[in-house]
Amino acid sequence: MVNKASRPTDSLIGHDAWNIQLDKNGQLKHFLTVEGLSTELLTNILDTAESFANINEQRVKKVPLLRGKTIANLFFEASTRTRNTFELAAKRLSADVLNVNISTSATSKGETLMDTLQNLQAMQCDMFVVRHNASGAAHYIANRVAPGISVINAGDGSHAHPTQAMLDMFTIRRNKGHDFGRLRVAIVGDVLHSRVARSQIHALNILNTGNVRVIAPKTLIPAGIDDMGVEVFNNMEEGIRDADVVIMLRLQKERMQGALLPSEQEYFQMYGLTEKRLSLAKADAIVMHPGPINRGVEIESSVADGSQSVILEQVTNGISVRMAVMSMVLGRESETSEGEQA
Ligand code: NCD
């Protein structure tokens, strides 16, 4: 289902990639993809995030859960929301945080990814949070780190972005209640290149969402989408009708090879979320976007800033969800009791 241009090779991800993220007790050891995880585990992440949301609203936004743990943020690709909310989440759990600046690190002098990681392992890091433009990078690293070190995927190429999907599920649940079975969710835009959309579709399916729709021009729909349990629309007006949740995606021009689109203006004409189009969804529909938003390209400013938009709420929720994932991974029983084998 990953587009050909950035299809991860088997050697990077493997046939049963998602299995490596669970320890022998079925608990999350790494968080690489939502794919293959149980409804129970995803619900557990959301419930844990709920308890952290309360902490984040207090005057002292800190708990000692990960005191003494060291978390390294390794972002080989640009990021604003994801990197900063991972850092805040780690700090609110009292972990020590290393933000490795790739552009000024030895990577720019030709050091390989694995050499960089081995050096960070020598500094006794407990967790790597990794964003990389190669699909499969997080799996590649998780397969090679020393036993006891956990890897969180903060976005790999066009493959997966599991914490973004979970913060989106959390935002949906907080606004629409716990019963995903009642919901119609429309995901609009550059699905082909979107790791966010792929992870959202897996998460929505695992949480038994009533109807998941994908709306995009034919050139931005990935091959194999039909096997993902979604309804595909090329017409925005038809696809958005009666939706409870409308998720907009950015046009990922940095991943596009060749001319997949006429022009941004024409794209906005056909697929941009305007107030008029939003009126076709349910009256209480919420509007989401993982950011960064391109005003006037995929979304009209008045909608992005309007009363139905929960775009900034998604950012706030990112902290609670990332606290939940990091505390679940580093707070496992086997993590504290034994030098568990990978
Ligand atoms: C997304 C990403 O990087 O995949 N943004 C994010 O993490 N908040 C989506 C995007 O870049 O369009």
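Definitions and cut-offs
- Residues numbered from 1 in each chain as written.
- Predicted model: local features only at pLDDT ≥ 70, side-chain atom pairs only at ≥ 80, totals over all residues.
- Heavy atoms only, no water.
- Core = buried A, V, L, I, M, F, W, Y, C linked by side-chain atoms within 4.5 Å.
- Buried < 20%, exposed > 50% of the residue type's maximum accessible area, 1.4 Å probe, protein only.
- Helix = DSSP H or I, 4+ residues; strand = E, 2+ residues; numbered from the N terminus.
- Domains from an automatic or database assignment.
- Contact = heavy atoms within 4.5 Å.
- Axes fitted to C-alpha atoms, helices over the stretch in contact; angles between N-to-C directions.
- Left-handed = near helix turned anticlockwise from the far one by under 90°.
- Nonpolar A, V, L, I, M, F, W, Y, C, P; charged D, E, K, R; others polar.
- Parallel < 35°, antiparallel > 145°, perpendicular 65-115°, else oblique.
- Phe/Tyr/Trp six-rings, centres within 6.5 Å; stacked < 30°, edge-to-face > 60°.
- Lys NZ or Arg CZ within 6 Å of the ring centre and 35° of its normal.
- Expected span 1.5 Å × (residues − 1).
- Arc of directions from axis to C-beta.
- Salt bridge = Lys/Arg side-chain N within 4 Å of Asp/Glu carboxyl O.
- Near = heavy atom within 4 Å.
- Polar contact = N/O pair within 3.5 Å; in protein donor to acceptor, adjacent residues only side chain to side chain.
- Areas by Shrake-Rupley, 256 points an atom, 1.4 Å probe, with all protein chains shown as cover.
- Pairing = 2+ DSSP bridges.

Caption draft 1: Examining the nonpolar core more closely. Core analysis: the biggest nonpolar cluster contains 89 residues, and Ile45 and Leu273 have the highest contact counts within it. Broken down by element, the residue count for this core peaks at 10 residues, all from helix α12 (residues 311-330). Among the domains, domain 1 (4-161 + 317-333) and domain 2 (162-310) are the pair contributing at least three residues each to this core. Among all residues touching leucine 273, those that are not within four sequence positions of it are Met236, Ile240, Val246, Met248, Phe268, Leu278, Val287, Glu298, Ile299, Glu300 and Val303.

Caption draft 2: How the structure looks around the packing of helix α6 (residues 162-176) against α12. Their axes nearest at 8 Å, the elements α6 and α12 cross at an angle of 115 degrees. The crossing of α6 and α12 is right-handed. For the pair formed by α6 and α12, the contact residues are Thr163, Gln164, Met166, Leu167, Asp168, Phe170, Thr171, Arg174 and Asn175 on the first element and Glu313, Gln314, Asn317, Gly318, Ser320, Val321, Arg322 and Val325 on the second. A breakdown of the residues in the contact of α6 with α12 according to their chemical character gives five nonpolar, eight polar and four charged.

Caption draft 3: Molecular detail of the packing of helix α2 (residues 39-56) against α12. Where α2 contacts α12, the two axes come as close as 7 Å, and the packing angle between them is 120 degrees. Taken together, the axis directions place α2 and α12 in an arrangement best described as oblique. Along this stretch, α2 crosses α12, giving a crossing that reads as right-handed. Seen from α2, the contacting residues are Asn44, Ile45, Thr48, Ala49, Phe52, Ala53 and Asn56; seen from α12, they are Ile319, Ser320, Val321, Met323, Ala324, Val325, Ser327 and Met328. Class assignment of the residues belonging to the contact of α2 with α12 gives a composition of 10 nonpolar, five polar and no charged.

Caption draft 4: Region of the structure containing the packing of aromatic side chains. A complete count under the given rule lists one aromatic pair for this structure. Here the guanidinium or amino end of arginine 144 rests over the ring plane of tyrosine 140, the centre of that ring lying 3.7 Å away.

Caption draft 5: Layout of α2. Here α2 is 18 residues long and its end C-alpha atoms lie 25 Å apart, about the 26 Å a rise of 1.5 Å per residue gives. Within α2, the full set of buried residues consists of Leu41, Leu42, Ile45, Leu46, Thr48, Ala49, Phe52, Ala53, Ile55 and Asn56. Down the axis of α2, the smallest arc covering the buried residues is 165 degrees, so these residues share one side. In this structure, the buried side of α2 is in contact with α3 (81-92), α6, α7 (195-206) and α12.

Caption draft 6: Representation of the pattern of salt bridges in the model. In total, this model carries 14 salt bridges according to the counting rule given. Measuring nitrogen to oxygen at the nearest pair gives 2.9 Å for the salt bridge that ties arginine 173 to aspartate 47. Of this pair, arginine 173 sits in helix α6 while aspartate 47 sits in helix α2, placing them 126 residues apart in sequence. A salt bridge links aspartate 244 to lysine 282, with the nearest nitrogen and oxygen atoms 2.8 Å apart. Separated by 38 residues along the polypeptide, aspartate 244 in the loop between α8 (236-240) and β8 (245-248) and lysine 282 in the loop between α10 (275-278) and β9 (286-288) bring together distant segments of the chain.

Caption draft 7: Highlighting the site of the ligand. The immediate surroundings of the ligand are formed by Arg81, Thr82, Arg131, His161, Gln164, Arg195, Val196, Arg250, Gln252, Pro290, Gly291 and Pro292. Contact between the ligand and glutamine 164: a nitrogen atom at 3.4 Å from a side-chain N or O atom of the residue. Out of a free accessible area of 320 Å², the ligand has 95% covered by protein chains. Sorting the residues of the shell around the ligand by element identifies α3 and α7 as the ones contributing at least two each. Residue classes in the shell around the ligand are distributed as three nonpolar, five polar and four charged. When residues of the shell around the ligand are assigned to domains, at least three fall in each of domain 1 (4-161 + 317-333) and domain 2 (162-310).

Caption draft 8: The environment of glutamate 313, seen in detail. With respect to the secondary-structure elements, glutamate 313 resides in helix α12. The exposure class assigned to glutamate 313 is partly exposed, which follows from its relative accessible area of 32%. Residues contacting glutamate 313, with those up to four places away along its chain left out, are Thr171 and Asn175.

Caption draft 9: Geometry of the sheet that holds strand β2 (residues 96-100). If you walk across this open sheet you meet the four strands as β2-β1-β3-β4, and the pairing is parallel. With one partner strand each, in any of the chains shown, β2 and β4 (150-156) form the two edges of the open sheet. For this sheet, the mean angle separating the axes of adjacent strands, direction not counted, is 15 degrees. Sheet strands touched by α12: β1 (70-75), β3 (127-132) and β4. Its angle to β4, the strand with the most contacts, is close to 150 degrees.

Caption draft 10: Looking closely at the sheet that holds strand β5 (residues 184-188). Pairing within the open sheet is parallel, and its five strands lie in the order β7-β6-β5-β8-β9. In the strand order of this sheet, the two ends are held by β7 (231-233) and β9, each with one partner. Across the sheet, the mean angle from the axis of one strand to that of its neighbour is 20 degrees, orientation sign disregarded. Note that β5 and strand β6 (residues 211-215) share five bridges and pair parallel. Within the sheet, the bridge partner assigned to alanine 186 lies in β6 and is arginine 213.

Keep in mind these numbers describe shape, not what the thing actually does.
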